[in-house]
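A closer look at the structure
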Amino acid sequence: MLIAGRCHCCNISFALDWRPEPSEIPARACTCSFCAKHGGVWTSCPTGSLIVSVKDRPRVSTYAFGTKTAEFHVCTACGVVPVVTSRIDGRLYAVVSVNAFENVDPALLRRASASFERENEQARLSRRKRNWIADVQFETTS
Ligand SMILES: [Zn+2]
């Protein structure tokens, strides 16, 4: 399934090739202090591939906090956060926001809240390696 997503002004867009075809898509409402403030709901397919396209790189800011092992990619024009990345052992992993989806039937989403605040850094990184999208590319389109 090819999932298209973007921020509100289209500066950041993504194409997630979800393989194999999903019967449902987990949607994790993250309860961390940052996601609670902007309503972050994330998903990932560890066997899928993701291409993130940015039109205007200066209008993307990256935000990190806590262990500073993940970067939230914030469109500074419209304020939407479509993607989070984490670089682990030289490889870039990512999750995407289901709120940024353009072409997915909401009935496919299995929503649940998720709390990772009790994890230590090592547990957090190994979970990302298992669960996050492991094939991630960024491209600038302008
Ligand atoms: Zn935007």
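Residues numbered from 1 in each chain as written. Predicted model: local features only at pLDDT ≥ 70, side-chain atom pairs only at ≥ 80, totals over all residues. Heavy atoms only, no water.

**Focus on the overall build of the protein**
Threshold: Secondary structure counts use DSSP, requiring at least four H or I residues in a row for a helix and at least two E residues in a row for a strand, with both numbered from the N terminus. Here the radius of gyration uses the C-alpha set of atoms, whereas the globule reference equals 2.2 Å times the residue count to the power 0.38. Buried, partly exposed and exposed residues are distinguished by accessible area as a fraction of the type maximum, computed with a 1.4 Å probe on protein chains only: under 20%, between the cut-offs, and over 50%, respectively. In these tables, accessible area is a Shrake-Rupley quantity obtained with a 1.4 Å probe, and a residue counts as shielded only by the protein chains included in the view. Neither His nor the chain ends is counted toward charge; the positive residues are Lys and Arg and the negative residues Asp and Glu. Taken as the charge location is NZ of Lys, CZ of Arg, CG of Asp or CD of Glu.
Along its length, the protein carries two helices and 11 strands. Helices and strands in the protein line up, N terminus first, as β-β-β-α-β-β-β-β-β-β-β-α-β. Compactness check: the protein gives a C-alpha radius of gyration of 14 Å against a globular reference of 14 Å for 142 residues, within 12% of the reference. Its C-alpha atoms give the protein principal-axis dimensions of roughly 40 × 35 × 30 Å. Evaluated residue by residue, the protein yields a buried proportion of 43% over its 142 residues. Working note: accessible area of the protein is about 7500 Å², and carbon and sulfur atoms make up 49% of it. The protein carries 18 positive and 13 negative side-chain charges, and their two centres are separated by 5 Å.

**Considerations on the side chain of S86**
What counts is decided by this rule: Counted as a polar contact is a pair of N or O atoms within 3.5 Å, where, for protein atoms, one must be capable of donating a hydrogen and the other of accepting one, and residues adjacent in sequence contribute only when both atoms are in side chains. Residue contacts are defined here by distance: any two heavy atoms, one from each residue, within 4.5 Å place the two residues in contact.
Counting through the fold element by element, S86 comes out in strand β8 (residues 83-88). A polar atom in the side chain of S86 sits 2.8 Å from the backbone oxygen of T69. Looking at S86, its side chain comes within polar contact range of the side chain of R128, at 3.2 Å. Aside from chain neighbours lying at most four places away, what touches S86 is T69, A70, R91, L92, Y93, L125, R128 and W132.

**Some remarks on the nonpolar core**
Where we set the bar: Note on terminology: a nonpolar core comprises buried Ala, Val, Leu, Ile, Met, Phe, Trp, Tyr and Cys residues joined through side-chain atoms within 4.5 Å.
By size, the foremost hydrophobic cluster in this structure holds 27 residues, and its most contacted members are I3, F14, L16, I25, L50, V96 and F101. Contributing elements (two or more residues each) for this core: β2 (12-17), β3 (25-30), β5 (49-54) and β9 (91-97). Listed in part, the 15 residues of the second largest apolar core include F72, V74, V81 and L125.

**Focus on the coordination of the zinc ion**
Formally: Here a donor is an N, O or S atom found within 2.8 Å of the metal, or within 3.2 Å if the metal is Na, K or Ca; sites may look incomplete because water is not among the atoms. A four-donor site is called tetrahedral if each angle lies between 85 and 135 degrees; a four-donor site is square planar, and a six-donor site octahedral, when trans pairs exceed 155 degrees and the remaining angles lie between 65 and 115; all other cases are labelled irregular.
Within the protein, the zinc ion binds to C7 (SG), C9 (SG), C75 (SG) and C78 (SG); these donor distances fall in the range 2.3 to 2.4 Å. Considering all four donor atoms around the zinc ion, the spread of angles at the metal, 101 to 120°, places the coordination shape in the tetrahedral class. Sequence positions of the residues that donate to the zinc ion give the spacing C-x1-C-x65-C-x2-C. In this pair, C9 is assigned in the loop between β1 (2-6) and β2 and C75 in strand β7 (residues 71-75), connecting sequence segments 66 residues apart. Judged by relative accessible area, C75 falls into the buried class, the value being 1%.

**Considerations on the packing of aromatic side chains**
Short version of the rule: Planes of paired rings set the category: under 30 degrees apart is stacked, over 60 is edge-to-face and the rest tilted, where pairs are Phe, Tyr or Trp rings (Trp by its six-membered ring) whose centres lie within 6.5 Å.
Using the criterion set out here, one finds seven aromatic pairs in the structure. Each ring, one from F34 and one from Y63, has its centre 4.9 Å from the other, and the planes form 50°; the classification is tilted. Note that F34 is positioned in helix α1 (residues 33-38) and Y63 in strand β6 (residues 60-63), a separation of 29 residues in sequence. A relative accessible area of 19% means that F34 is categorised as buried. The exposure class assigned to Y63 is partly exposed, which follows from its relative accessible area of 38%. Geometrically, the ring pair formed by W42 and F72 is edge-to-face, given 6.0 Å between the ring centres and 65° between the ring planes. Separated by 30 residues along the polypeptide, W42 in strand β4 (residues 41-43) and F72 in strand β7 bring together distant segments of the chain. Assessed through its relative accessible area of 6%, W42 is described here as buried. F72 sits in the buried class, given a relative accessible area of 7%.

**Topic: the sheet that holds β8**
Just so we agree on the cut-off: Two strands pair if DSSP finds at least two bridges between them. Every axis in this analysis is a line fitted to C-alpha atoms, fitted for helices over the stretch in contact. Angles between the N-to-C directions lie between 0 and 180 degrees.
Within the open sheet, the seven strands sit side by side as β6-β7-β8-β9-β4-β3-β10. Their pairing is mixed. At either margin of the open sheet sits one strand with a lone partner, and together these are β6 and β10 (109-114). Direction aside, neighbouring strands of the sheet carry axes that sit 35° apart on average. Bridging between β3 and β10 involves six bridges; their strand directions are parallel. From the neighbouring strand, R28 faces β10, where its bridge partner is A112. Taken strand by strand, helix α2 (residues 121-131) contacts β8 and β9, and its axis lies near 110° from that of β8.

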